Amino acid sequence: MKILVCIKQVLDSESSPQIDDEGTWINDDASLAYRMNRFDEYALEEAVLIKESRTDVHIEAISVGPGRVRASLQKALEKGADSATHISREAGGSLTPYEVGSLIAEYAKDGGYDLICTGVMAEDDMYCQTGVIIASLLSLPCATSVTKESLDKDLKNIIVECDVASGVREEVSLTLPALLTIQTGINNPRYPSLSNVLRAKKQKLNTISDETVSPVKSREQILKLFATEQTRNGEVISGTTEEKAEKLLSLLYEKALL
Amino acid sequence: MNYTITLIGETLENRLAPSVFELSSMTSELMQQVTGNAVIILPGEDLQETANTAAQETGHDIIGIENKQLRYPNIEVLTGTILSALEKHKPQYICFNHSAIGIQLATALSIKLKAACISSVESIRFDGSKPVFRRSTFGGKLISEVIPKNEPVIITILPGAFPAADKNESKPGTVTIVPSGATSRYITVNSIKKEAESNSRLEEAETIVSAGRGIGSEENLKMIRDVATLFPHSAIGASRPVCDMGWLPYSHQVGQTGKKVSPRLYLACGISGTHQHMVGMKNSQIIIAINSDPKAAIHSFADFSVVEDLNSFLPMFIEKYREREG
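A brief structural summary. Please read these numbers as outputs of a predicted model, since none were measured by experiment.

Description of the overall build of chain A
Then step 1. Helix and strand counts for chain A stand at 7 helices and 13 strands.
Then step 2. Seen along its three principal axes, the alpha-carbon backbone of chain A occupies a region of about 65 × 45 × 40 Å.
Then step 3. Across the 258 residues in chain A, those meeting the buried criterion constitute 56%.
Then step 4. The long-range share in chain A, meaning contacts at least 24 apart out of those at least 6 apart in sequence, stands at 68%.
Then step 5. Summing over all exposed atoms, chain A offers an accessible surface of approximately 11200 Å²; the carbon and sulfur share of this is 48%.

A word on the packing of helix 4 (residues 130-137) of chain A against helix 4 (residues 100-112) of chain B
For any two helices packed against each other, one specifies the crossing angle of their axes together with the interaxial distance.
Then step 1. Following both chains from N to C, one finds helix 4 of chain A and helix 4 of chain B inclined at 40 degrees, their axes separated by 9 Å at the closest point. As the angle between them shows, helix 4 of chain A and helix 4 of chain B are arranged oblique. The element helix 4 of chain A and its partner helix 4 of chain B pack so that their crossing is right-handed. Here Val132(A), Ile133(A), Ser136(A) and Leu137(A) of helix 4 of chain A come into contact with helix 4 of chain B, specifically with Gln104(B), Thr107(B), Ala108(B) and Ile111(B).
Then step 2. Here the contact of helix 4 of chain A with helix 4 of chain B is composed, by residue class, of 5 nonpolar, 3 polar and no charged.

Some points on the interface of chain A and chain B
Then step 1. At the junction of the two partners, chain A supplies 78 residues and chain B supplies 92 residues.
Then step 2. Buried area between chain A and chain B, both sides added, is near 7500 Å², and the carbon and sulfur share of it is 57%.
Then step 3. For the pair chain A and chain B, the interface holds 8 salt bridges.
Then step 4. Notably, a salt bridge pairs Lys193(B) with Glu161(A), separated by 2.8 Å at the nearest N-O pair.
Then step 5. At the junction of chain A and chain B, the tally comes to 52 residue pairs in polar contact (both at pLDDT 80 or more).
Then step 6. Those elements giving two or more residues to the side of chain A that touches chain B turn out to be helix 4, strand 7 (142-151), strand 8 (157-165), strand 9 (168-175), strand 12 (220-227), strand 13 (235-236) and helix 7 (241-254) of chain A.
Then step 7. Considering each element in turn, the side of chain A that touches chain B owes the most residues, 11 residues, to helix 7 of chain A.
Then step 8. Each residue belonging to the side of chain A that touches chain B can be placed in one class, and the counts come to 37 nonpolar, 22 polar and 19 charged.

Thoughts on the nonpolar core
Then step 1. Counting 65 residues, the largest nonpolar core has Ile3(A), Leu115(A), Val160(A) and Ile154(B) as the members making the most contacts within it.
Then step 2. Per-element accounting of this core gives the leading share, 7 residues, to helix 3 (residues 75-89) of chain B.
Then step 3. Counting 39 residues, the second-largest nonpolar core is a separate cluster that includes Leu252(A), Phe304(B), Leu314(B) and Met316(B).

What about the pattern of salt bridges?
Opposite charge on two side chains allows them to pair when their charged atoms are near.
Then step 1. What the rule picks out here adds up to 34 salt bridges over all chains.
Then step 2. Between Lys8(A) and Asp124(A) there is a salt bridge, and its shortest N-O distance comes to 3.0 Å. Note that Lys8(A) is positioned in the loop between strand 1 (2-6) and strand 2 (9-11) and Asp124(A) in the loop between strand 6 (115-119) and helix 4, a separation of 116 residues in sequence.
Then step 3. Put simply, Lys148(A), Glu161(A), Glu171(A) and Lys193(B) are held in one network by salt bridges that share partners.

Parameters and conventions
Residues numbered from 1 in each chain as written. Chains lettered and ligands numbered in written order. Predicted model: local features only at pLDDT ≥ 70, side-chain atom pairs only at ≥ 80, totals over all residues. Heavy atoms only, no water. Helix = DSSP H or I, 4+ residues; strand = E, 2+ residues; numbered from the N terminus. Buried < 20%, exposed > 50% of the residue type's maximum accessible area, 1.4 Å probe, protein only. Contact = heavy atoms within 4.5 Å. Areas by Shrake-Rupley, 256 points an atom, 1.4 Å probe, with all protein chains shown as cover. Axes fitted to C-alpha atoms, helices over the stretch in contact; angles between N-to-C directions. Parallel < 35°, antiparallel > 145°, perpendicular 65-115°, else oblique. Left-handed = near helix turned anticlockwise from the far one by under 90°. Nonpolar A, V, L, I, M, F, W, Y, C, P; charged D, E, K, R; others polar. Buried area = accessible area lost by both parts, 1.4 Å probe. Salt bridge = Lys/Arg side-chain N within 4 Å of Asp/Glu carboxyl O. Polar contact = N/O pair within 3.5 Å; in protein donor to acceptor, adjacent residues only side chain to side chain. Core = buried A, V, L, I, M, F, W, Y, C linked by side-chain atoms within 4.5 Å.

Below is the structure:
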């Protein structure tokens, strides 16, 4: 069985992005820290859990972006992927879900994957599109926001539970091959073991350029970026623990909330 | 009738999702510059009654598409039925709620129609007569203005971003019910699972005391409950990780995939403040954040912040309250 897990490298939430001179993207400089999108960690962990429950599973991790994304692919190998592919896109700047989805779909179309997993969304741009784009381009059945899955032995079907609305879930069967976008809560992503970290060092990370895969034209364009306006005061209540508790109480009485 | 704007409504067991009123309010904004008419496409199983109500309450024309497989959402059937309706009407704008079903359908249809797809839209401005769509990016730190390069244009609107339109009092829109024979080959809906409404009372509460991952353990929920009992008309909320860990049922979850609330007071305890959580509670009158991490994003969205460890602060807060109240 072959599983492809799509990984996005995102800006760490503690990094502060600075808008570039054109005002359409951020300065992608060395001051920024990047890491694997958390939703993709759940997707990868689910693939690893499937691998542990069967004997014949190969997990390939894939990511699109500049050279720095190789660090997240290395992390994916440490967490249990068997191989990793970097679709290199050195041009920089923003990439729309359509561009990323098209590149991955083009790469994956003859790969014979039984299952493709992505996170439900990327923490940074929150479009929730890439997985569905890949599935649509490859005409694969797709389930999104998956919180449970169970694969049948002969790889004909997968049964999943998906979020439909607040507190409502649907149990759906999909024929394989299929694509799932994975929601949090499905598993507990593990930290890589030392043996896996050492094993990952020896594994090869393949790189191909985006132009070799397929030229893609975006269908949307960022006109401008600007900082979010702070709409609330953000007054910090200071003092010792006791003073803070008293100040907060006074404030709540003042506002007739208590 | 020629429709330039098509809104896709959602139904579950043939009941209309109220989020359609947010789509309707967004449409009023879009129609400041985009000329033509709007229609709501409503897929479901048995729709006459629901479609009549929707036509009255929104004032928009309704095309109800009935398919016996659509009592519950089946994405393959939905994509097929809506695609044929769109191919017939050829709208310029196709709009969805950014719900689990809405975003999946929007994206799948964008590939079929070679459309631009701008998801999670929070507001619209006009550049001349051309709409520019604004959405949060970089986890809510920046706003991006996005324009389409293709037509048609598909958008999804973030829950709570556009206020629900008031119910239409004047004449209702027209209703057309069309049957659809679309079937699914690859996807079967086996069952629907509804979490028992555990009386979370989040929507009616005046104060919501909400727990995040930062409370540290399930046992510490007792502390959150103790704080909540101090406030009249209070309820317990949670961020998604707390529900994922099974500490509270999902009916308590506030956020993009949970409930949208607007209490007088939202007391966020140990919540880091992801954009997905903020979407659900940003319309609260007063937000107070208690978090030991001074760099947590929640502090920049709060009216008041307390940087303290919950385990020492909340017991102290309760003790001080008891001293005052005697």
